[in-house]
Each structure stands twice: as C-alpha cells, then as structure tokens.
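Report on the structure
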Amino acid sequence: MFNNNFMIKSKKILIVGAGGFIGGHLVNRLLKDGNSIVASDIKPKEYWFQDFPEAENHYAMDMKDISNCRKVVENIDYVFNMACNMGGMGFIENNKAECMQSVLINTNLLIACKEKKVQRYFFSSSACAYNTTKQKDVFIEGLKEEDAYPANPEDGYGWEKLFSERMCRHFQEDYGLEVRVARYHNIYGPYGTYDGGREKAPAALCRKVILAKKENLETIDVWGDGQQTRTFLYVDECVEGTLRLFESNHSDPINIGSDEQVSINQMIEMIENISGVNSFNKNYQLDKPKGVRGRSSNNDLIKKVLNWSYKMSLKDGLSKTYKWIESEMNQKGSNINRFTKS
Ligand code: GKE
C-alpha cells in the first residue's frame, strides 16, 4: 500500500538545531543518504546528543542573531529549522517567554534563506499549535489539520509555533521560498532528553521506572491522574515522514504523529512490562504540569499526500527508548542535566 524506497541525496543541507534530539537523528539519516551537512546549534559541543565529524559543525551558534543565519545559509540547497527553546510540559508551562523567543530563530532564518535564494525550507511545528478547547477530553478524535483554527494554541510555545507557521506561508506567498511544515506529535526515542526538566513523558517515565527498579522503590511519581491521553511517535518514523514531506509538493501544515492513543497509565504499564517488574504504586501529582487532557493525530491527510504511514508500535518504540536510557543511566547516573535553562 505504501512506497518504501525513499532518499534525498547529493544535496547541501543546513540543519539548525542539529545538537538536539530530532535534529541529531535527521543529520544522521541525511549523512547516511549521501548529503553534505552543515549542522548548527546554540548548545556547546559537549551538550550535543549526536555529533558527526563528517558534518560541518557550528557549536554554540545562536540563530536569534541574524548574522549567524546569513553565515550558514551560503550555498545551501535545503534548510531544516529544528531549533527552538522547548521541552515537555514541565518546561513549556514554566518558560513561556523563552519559548516565544524561538520566533526570532525562524524569522531570521527565513530572511536569510530569501536573501540567499535557498530552494526549500522546513519548519518543525507542533501539535501544541492545535486549539486546546478541542483537547479537553480523553481519547479524543484525532486532530485534523484544520483544527488549529479558530486559534487557541498552547500558551507561549503553541502560539510561537502557530505564528511561525504563518510566517513560513507568507515567505512562500510573497517571495517564492518553498516551505514545508510538519506538526510533530510528541516524538520520542533514544538520544534525547530524559532528565533535567525538559524531558517529555515517555523518557521521563522510562527514567522513573528504571530508577525505581534499580533502587527497589515501590512507588513512582506520575504527573496528573494518569488518565490523560496522548499519542507518541518514534523518532525514526518522524524523520522518515519529515523527509518524505520535504520532497512532496505539500506546503500547508500537516500532522506527523501517531494515532495509537493511550492513557499515561497504559503507557506506564507498557514500560513496566519492558522493565520486567511488577507494577509500581503510583503517586499521582495533580499539581504538576498536565497540558491538554487528550491529544491524537489524524493521519488521513499525510497518508493521502505521501502514500506513507508510520509502522512502529508504541510498545516497540518504548522498548528501544527504555534500553538506551537504561544504558545511559548505568554509565552516567540519572541526573544528567544535558542542557539546563540558559
Ligand atoms: N514530562 C512529563 N514528565 N510528563 C508527565 C510525567 C513526567 O514525569 N508524568 C506524567 N506526565 C504527563 C504530563 O502531565 C502530560 O499530561 C503528559 O504526560 C504528556 O506530557 P509531555 O510529554 O511532557 O508533553 P505534552 O504531550 O503534554 O506536550 C508536548 O507536546 C509536544 C507535541 O506533541 C509539549 O511539551 C512539547 O514537547 C511538544 O509540543
């Protein structure tokens, strides 16, 4: 039903946010597929999740300064903007002004791309752009792309994503810069944040189960009542969908997410099964950041546009993620503060 062989090759590609979670996986894939990569991130080298010597790497480079954008878009074919100041709900609920300033990154990059006549530009938007009033129940119908309007996105971070989506559209309409925009739905996997405050639920709960097992604890802390629902997409599927979208001719915002909706409690049960322990007691912390009550991705449009759909089940993706976090924690301890708030 879906076509399998896909590859972008022999292009010169800039990945902004290359030191981050999804950015690092994108660099890895595009290098393997035979492209020459320019990689930049505001993080210093030691905080990059993945760092490839065969790429031209720019460490500690802040794209909120337009002179940096102009420097790295010279002679570039494609630009992927994967950079924003973000994290799970624990971060975005408490750092709204910081999240909003990511608008400078996207705006500066668009200006530089227009000036240097870059062929095509990708912007990583988010499910947080969706109207929150449509996410007030558990196990909701998958969000369709039109559900972003009337606008009522996640405060701070969601507004920046929605505004930047529109900025991309106007650069295409007014200046002919080809744009592609994906709304990511809670991407998870290895080589991402699992501690320190920016982590999302899959990695956070893997870490909590690993720690509890290691220290023979009986209880793990869970934010909210555990009934809230989400979908989670494995990072390799996110990269595959992103590259297929990029090469398509679809320039409106489109979901890249899973429609396998689970409650947080159900996800924890999967993680407990992976760990081989009996279930832990849960300390439900109702005062912790909860975000929306329910969220899922409707994938009708992406299946139609790309003739492609993700394959990895949550259980299988969590198993890969759990094993990577466990190996990290065994090597480095559980309090990795990869990149705390600047
Ligand atoms: N982070 C975290 N850590 N969340 C937990 C934890 C925990 O230890 N325990 C339970 N949760 C619950 C949260 O309360 C929330 O209801 C749900 O898991 C998902 O939290 P999350 O993964 O931090 O973030 P959200 O899905 O609510 O929102 C994220 O959506 C992404 C796009 O889908 C955003 O924070 C962004 O990372 C991004 O826009």
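The structure we're discussing is the one just above.
1. Looking at the packing of aromatic side chains
Taken as a whole and judged by the stated rule, the model has 9 aromatic pairs. Ring centres of Tyr 188 and Tyr 234 lie 5.6 Å apart, and the angle between their planes is 70 degrees; this geometry places the pair in the edge-to-face category. With a gap of 46 residues between them, Tyr 188 in strand β7 (residues 187-188) and Tyr 234 in strand β10 (residues 233-234) connect regions that are remote in the sequence. Per residue, the accessibility class of Tyr 188 equals that of Tyr 234, and both read buried. An aromatic cluster of at least three residues, connected via ring pairs, comprises Tyr 78, Phe 80, Phe 122, Tyr 184 and Phe 246. Taking NZ or CZ as reference, Arg 120 lies 5.8 Å from the ring centre of Phe 246, over its face. Sitting over the face of the ring of Tyr 130, Arg 183 holds its NZ or CZ atom 4.9 Å from the ring centroid.

2. With respect to helix α11 (residues 314-332)
If you check α11, its first and last C-alpha atoms are 26 Å apart, about what 19 residues at 1.5 Å a residue would give, namely 27 Å. Along α11, the positions that sit buried rather than exposed are Leu 314, Gly 317, Leu 318, Ser 319, Thr 321, Tyr 322, Trp 324, Ile 325, Glu 328 and Met 329.

3. Comments concerning the site of the ligand
Taken together, 25 residues lie around the ligand, and Ser 126, Asn 186, Lys 208, Pro 289 and Lys 290 are the ones closest in. In this structure, an oxygen atom belonging to the ligand sits 2.7 Å away from a main-chain N or O atom of Asn 186. The separation between an oxygen atom of the ligand and a polar side-chain atom of Arg 295 is 3.4 Å. Across the complex, the protein chains shield 99% of the 720 Å² of accessible surface that the ligand would expose by itself. Sort the elements by how many residues they give to the shell around the ligand and helix α7 (residues 201-214) lands first, with 4 residues. Here the residues of the shell around the ligand sort into 13 nonpolar, 6 polar and 6 charged.

4. Looking at helix α8 (residues 235-247)
Residue pairs three or four apart in sequence face the same way in an α-helix, which turns once every 3.6 residues. Helix length check: α8 (13 residues) gives 19 Å between terminal C-alpha atoms against 18 Å at 1.5 Å per residue, within 8%. With 11 of its 13 residues buried, α8 lies for the most part within the structure. Restricting attention to buried positions, one finds in α8 the residues Val 235, Glu 237, Cys 238, Val 239, Glu 240, Gly 241, Thr 242, Leu 243, Arg 244, Leu 245 and Phe 246.

5. Focus on the sheet that holds strand β3 (residues 56-58)
Read across the sheet, 7 strands follow the order β3-β2-β1-β4-β5-β6-β11 without closing on themselves; strand pairing throughout is parallel. Among the strands making up the open sheet, the edge pair consists of β3 and β11 (254-256). Here the strands of the sheet are splayed against their neighbours by 20 degrees on average, with no regard to which way each runs. Bridge analysis of strand β5 (residues 120-126) against strand β6 (residues 178-184) gives 7 bridges, and the strand direction is parallel. For Phe 123, the partnering residue across the bridge sits in β6 and is Val 181.

6. Quick look at the pairing of strand β2 (residues 36-40)
Here β2 lies mainly inside the structure; 4 of its 5 residues are buried. Pairing analysis gives 5 bridges linking strand β1 (residues 12-16) to β2, with the strands arranged parallel. In the sheet register, Lys 12 faces β2, and the bridge partner there is Ser 36. With helix α1 (residues 21-32) bridging β1 and the parallel β2, this β-α-β connection has right-handed handedness. Two elements, β2 and β3, share 3 bridges in a ladder whose sense is parallel. Bridging from a neighbouring strand, Val 38 pairs with Glu 56 of β3.

Conventions adopted
- Residues numbered from 1 in each chain as written.
- Predicted model: local features only at pLDDT ≥ 70, side-chain atom pairs only at ≥ 80, totals over all residues.
- Heavy atoms only, no water.
- Phe/Tyr/Trp six-rings, centres within 6.5 Å; stacked < 30°, edge-to-face > 60°.
- Helix = DSSP H or I, 4+ residues; strand = E, 2+ residues; numbered from the N terminus.
- Buried < 20%, exposed > 50% of the residue type's maximum accessible area, 1.4 Å probe, protein only.
- Lys NZ or Arg CZ within 6 Å of the ring centre and 35° of its normal.
- Expected span 1.5 Å × (residues − 1).
- Near = heavy atom within 4 Å.
- Polar contact = N/O pair within 3.5 Å; in protein donor to acceptor, adjacent residues only side chain to side chain.
- Areas by Shrake-Rupley, 256 points an atom, 1.4 Å probe, with all protein chains shown as cover.
- Nonpolar A, V, L, I, M, F, W, Y, C, P; charged D, E, K, R; others polar.
- Pairing = 2+ DSSP bridges.
- Axes fitted to C-alpha atoms, helices over the stretch in contact; angles between N-to-C directions.
- Right-handed = clockwise from strand over helix to strand, strands pointing away.

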